[in-house]
Amino acid sequence: AEREYEILVEFHKLKPGGRLQLLWRTPTQPAVVVPTDAFIYREDADQVAQAKPSPLYRFVPLARGALLVDGTFLPGTPKSMDAKSVDFSYCDRSDMKLPAEQVARLTFQPLANAAANKISGKTAGLVTQGGEFVEGECQSIDEKSLKISSVVFGTSSFDVKTQAAAVILRIAPPGKGWVVHTLKGAVLRADGVRSDKDQIVLKEPMLGDFAVPLSE
């Protein structure tokens, strides 16, 4: 509690796919996955010996998913976007529609190192899988491509699966209110929480009443 610890992960993957999780436990708590927002990406992580902890407000969600403007983070898969809404798949809710103006960032691939570093301080643009930042407004997203409109370069298309790591739509200020962590990696902000049989219902400012099963 109230302490930061350096974590360096080195791994080698022999086959495509796979997953990696970090769990922790105490004498009174079984092993659970460490929640996403417990991690703070350090901008100078490539120089570990000289690095200092980043302030908490610079937390960067590294998982694939959607960050809302109120600080809620939903792990999942962005499927498409237009001027009005974002089609999103979250857990067993494959048909979620998020109002586009309430989404701060969409992450298509888990971020690390240079790619995560590019997010800090940026207002709008695309972070490529190679770690480059392309400034501009995101116009649309579909299953194959993402279009960015830039004053300098005009409209450019990027392959969602092979080129896009994350798209920044707007800045997300630090969230307020209740914070609920789920075992599936979601970080949910809420103005209120109530219990309802085998679930809790959050009053999420952007999503309205949002039910979370107790099993999560």
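If you're wondering where the values come from, they're calculated on a predicted model, not measured in any experiment.

Enquirer: How would you sum up unusual backbone geometry? Please name residues and give values.
Expert: Non-glycine residue Lys197 carries a positive phi angle of around 60°. Inspection of the secondary structure assignment puts Lys197 in the loop between β17 (193–196) and β18 (199–204). Judged by its relative accessible area of 80%, Lys197 is exposed.

Enquirer: Tell me about the packing of aromatic side chains, residues and numbers included.
Expert: With the rule as written, the count across this model stands at one aromatic pair. When the centroid spacing of 6.0 Å and the interplanar angle of 45° are considered together, the rings of Tyr90 and Phe210 count as tilted. Taken together, the positions of Tyr90 in strand β6 (residues 85–90) and Phe210 in strand β19 (residues 208–213) put the pair 120 residues apart, joining distant regions of the chain.

Enquirer: I'd love a proper account of the confidence of the model for the chain, names of residues and values included.
Expert: When pLDDT is low, close inspection of the predicted coordinates is not appropriate. Looking at the chain as a whole, the pLDDT averages 80, with 81% of positions reaching at least 70. When the criterion is pLDDT under 50, residues 48–58 qualifies, and its contacts beyond four places in sequence or with other chains add up to 19 contacts.

Enquirer: Explain the environment of Pro99 residue by residue, including any values.
Expert: Of note, Pro99 is situated in strand β7 (residues 93–99). Among the residues examined, Pro99 registers a relative accessible area of 25% and is labelled partly exposed. Sequence separation between Pro99 and Asp82 is 17 residues, and the spatial gap between their C-alpha atoms is 9.7 Å.

Enquirer: So, the nonpolar core: which residues are in play, and what are the values?
Expert: Core analysis: the largest hydrophobic core is formed by 31 residues, its most contacted members being Leu98, Leu106, Ile141, Leu146 and Val167. Here this core gets three residues from one element, more than from any other, and that element is β6. Sequence-distant contacts of Leu146, that is, excluding residues within four places in its chain, are made with Phe108, Leu126, Cys138, Ser140, Ile141, Ser156, Ser157, Phe158, Val160 and Val167. Counting residues in hydrophobic clusters, the runner-up holds five residues, among them Val127, Ala165, Ala166 and Ile168.

Enquirer: Can you explain the pattern of salt bridges? Please cite residues and give values.
Expert: The tally for this structure, following the rule as stated, stands at two salt bridges. With its nearest N and O atoms 2.5 Å apart, the salt bridge here joins Lys97 to Asp87. Of this pair, Lys97 sits in strand β7 while Asp87 is found in strand β6, placing the two residues ten residues apart along the sequence. One salt bridge in this structure joins Asp209 and Arg194, with 3.9 Å as the shortest N-O distance. Within this pair, whereas Asp209 is found in strand β19, its partner Arg194 is found in strand β17, the two being separated by 15 residues in sequence. Given a relative accessible area of 55%, Asp209 falls into the exposed group. Residue Arg194 is classed as partly exposed on the basis of its relative accessible area of 44%.

Enquirer: Give a description of the side chain of Ser85 that names residues and reports values.
Expert: Tracing the backbone shows Ser85 in strand β6. When its relative accessible area of 17% is taken as the criterion, Ser85 is described as buried.

Enquirer: Describe the sheet that holds β17, listing the residues and the values that go with them.
Expert: Strand order in the open sheet made by the three strands is β17-β18-β19, with antiparallel pairing throughout. Edge positions in the open sheet fall to β17 and β19, since each of these has one partner strand only. Taking each pair of neighbouring strands and ignoring which way they run, the sheet shows an average axis angle of 30°. As paired elements, β18 and β19 share six bridges and run antiparallel to each other. Directly across from Ile200, in β19, lies its bridge partner Val212.

Conventions used here
All chains use their own residue numbering, which begins from 1 and follows the written sequence. Residues qualify for local features only when their pLDDT is at least 70, as the model is predicted, and side-chain atom pairs are given and counted only at 80 or more; totals for whole chains, interfaces and linings, by contrast, use all residues. Hydrogens are left out, water is left out, and the side-chain values use all remaining heavy atoms of the structure. By definition, any uninterrupted DSSP run of H or I lasting at least four residues is a helix, any uninterrupted run of E lasting at least two residues is a strand, and each is numbered from the N terminus. Note on exposure labels: buried denotes an accessible area under 20% of the residue type's maximum, exposed denotes more than 50%, and partly exposed covers the range between, all computed with a 1.4 Å probe on protein chains only. When two rings of Phe, Tyr or Trp (its six-membered ring) have centres within 6.5 Å they constitute a pair, described as stacked for plane angles under 30 degrees, edge-to-face for angles over 60, and tilted for the intermediate range. One confidence number per residue, pLDDT, is output by the predictor and ranges from 0 to 100. When checking whether two residues touch, look at their non-hydrogen atoms; a contact exists if any pair is within 4.5 Å. Residues belong to one nonpolar core when they are buried, are Ala, Val, Leu, Ile, Met, Phe, Trp, Tyr or Cys, and are joined through side-chain atoms within 4.5 Å. Just to be clear on terms, a salt bridge is a Lys or Arg side-chain nitrogen sitting within 4 Å of an Asp or Glu carboxyl oxygen. Paired strands, as defined in this entry, are two strands with at least two bridges between them according to DSSP. Only the contacting stretch of a helix is used when fitting its axis, a line to C-alpha atoms as for every element, and angles between N-to-C directions run 0 to 180 degrees.

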